[in-house]
Amino acid sequence: MPNPSSTCAVGIRATWFVYPILIVIGIAAEFSRGKNALGSTGFRSFFTALSIVMILFVVAWEVLCFYESQAYDRQYFYGIIEIGLYMVPTVVLALVQIVLHYWRAGKRGAAG
């Protein structure tokens, strides 16, 4: 039976390029706020929630790998490095998208 952590790591490696593309679509939605369907409130809120979920996923994975590397096997420490390399662009773009979502809403005087 495969190790769940290894299986999850393979899944992350297989889809690491998809997450930044989704977040870039969310950033594009922030710049087209209210001009078309891409800039609708629901679309922008969905991608802001997706950004928050991505950040929470990365943090949870890092904590899990750190705990396993300290408690069970030092091999899991490489998971911390791996997720950092694969997911840093996603986290950076997600933070940019979240800041744009709330900063631009604040300038217009309406949240969301």
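Residue positions are given per chain, counted from 1 along the sequence in the order it is written. Reporting in this predicted model follows two pLDDT cut-offs: at least 70 for local features of residues, and 80 or more for side-chain atom pairs to be given and counted; totals over whole chains, interfaces and linings ignore these cut-offs and use all residues. Side-chain measures here rest on the full set of heavy atoms in the structure, leaving out hydrogens and waters.

1. A word on helix H2 (residues 18–31)
At step 1: Numbering of helices and strands starts at the N terminus; helices are DSSP runs of H or I of at least 4 residues and strands are runs of E of at least 2. In this analysis, the expected span of each helix is defined as 1.5 Å times one less than the number of residues it contains. Taking 1.5 Å per residue as the helical rise, H2 with its 14 residues ought to reach 20 Å, and the 21 Å between its terminal C-alpha atoms agrees with that figure.
At step 2: Type-normalised accessible area, obtained with a 1.4 Å probe on protein chains alone, sets the label of each residue: buried when under 20%, exposed when over 50%, and partly exposed for intermediate values. By the burial criterion, the buried members of H2 are Tyr19, Pro20, Ile23, Gly26, Ile27, Ala29 and Glu30. Within H2, the buried residues cover an arc of 170 degrees as seen down the axis, which keeps them to one side. In this description, the arc belongs to the directions extending from the helix axis to the C-beta atoms.

2. Observations regarding a nonpolar patch on the surface
At step 1: Distance thresholds for patches are 9 Å for like charges and 5 Å for nonpolar side chains (Val, Leu, Ile, Met, Phe, Trp, Tyr), applied to residues having over 30% relative accessible area and no salt bridge. Throughout, the Shrake-Rupley method with a 1.4 Å probe supplies accessible areas, and for residues the shown protein chains are the sole cover considered. What counts as a salt bridge is simple: a side-chain nitrogen of Lys or Arg found within 4 Å of a carboxyl oxygen of Asp or Glu. A cluster of nonpolar side chains, namely Trp16, Phe17, Val18, Ile21 and Ile25, defines an oily patch on the protein surface of about 430 Å² accessible area.
At step 2: With respect to the helices and strands, the residue isoleucine 25 is situated in helix H2.
At step 3: Take isoleucine 25: its relative accessible area is 33%, and that puts it in the partly exposed class.

3. Describing the nonpolar core
At step 1: Side-chain atoms within 4.5 Å link the members of a nonpolar core, which is a set of buried Ala, Val, Leu, Ile, Met, Phe, Trp, Tyr and Cys residues. Ranked by internal contacts, the top residues of the largest apolar core, which has 17 residues, are Ile23, Leu50, Met54, Ile55 and Met87.
At step 2: If you list the elements that add at least two residues to this core, you get H2, helix H3 (41–71) and helix H4 (77–108).
At step 3: Setting aside residues no more than four positions away along its own chain, leucine 50 makes contact with Leu22 and Ile23. Residue contacts are counted whenever heavy atoms from the two residues lie within 4.5 Å of one another.

4. Some thoughts on the packing of aromatic side chains
At step 1: Pairing of aromatic side chains requires ring centres within 6.5 Å, counting the rings of Phe and Tyr and the six-membered ring of Trp. Pairs whose planes differ by under 30 degrees are stacked, by over 60 edge-to-face, and all others tilted. Going through the model one piece at a time under the given rule, you end up with 2 aromatic pairs.
At step 2: When the centroid spacing of 4.8 Å and the interplanar angle of 50 degrees are considered together, the rings of phenylalanine 43 and phenylalanine 47 count as tilted. Note that phenylalanine 43 and phenylalanine 47 are positioned in helix H3 at a spacing of 4 residues, about one turn of the helix.
At step 3: Of the residues examined, phenylalanine 47 reaches a relative accessible area of 5% and is grouped as buried.
At step 4: When the centroid spacing of 5.1 Å and the interplanar angle of 80 degrees are considered together, the rings of phenylalanine 46 and phenylalanine 47 count as edge-to-face.
At step 5: In textbook terms, an aromatic cluster arises when at least three aromatic residues are bridged by ring pairs, as seen for Phe43, Phe46 and Phe47.

5. A short note on the pattern of salt bridges
At step 1: Enumeration according to the criterion identifies 1 salt bridge in this entry.
At step 2: Here glutamate 30 makes a salt bridge to arginine 33, at a shortest N to O gap of 2.9 Å.
At step 3: Among the residues examined, glutamate 30 registers a relative accessible area of 0% and is labelled buried.

6. As for the confidence of the model for the protein chain
At step 1: On average, residues of the protein chain score 80 in pLDDT, and 81% of them reach the 70 mark or higher.
At step 2: Within a predicted model, pLDDT stands for the predictor's per-residue confidence, ranging from 0 to 100. Per-element averaging of pLDDT across the protein chain places helix H1 (residues 4–15) at the bottom with 67 and H2 at the top with 89.

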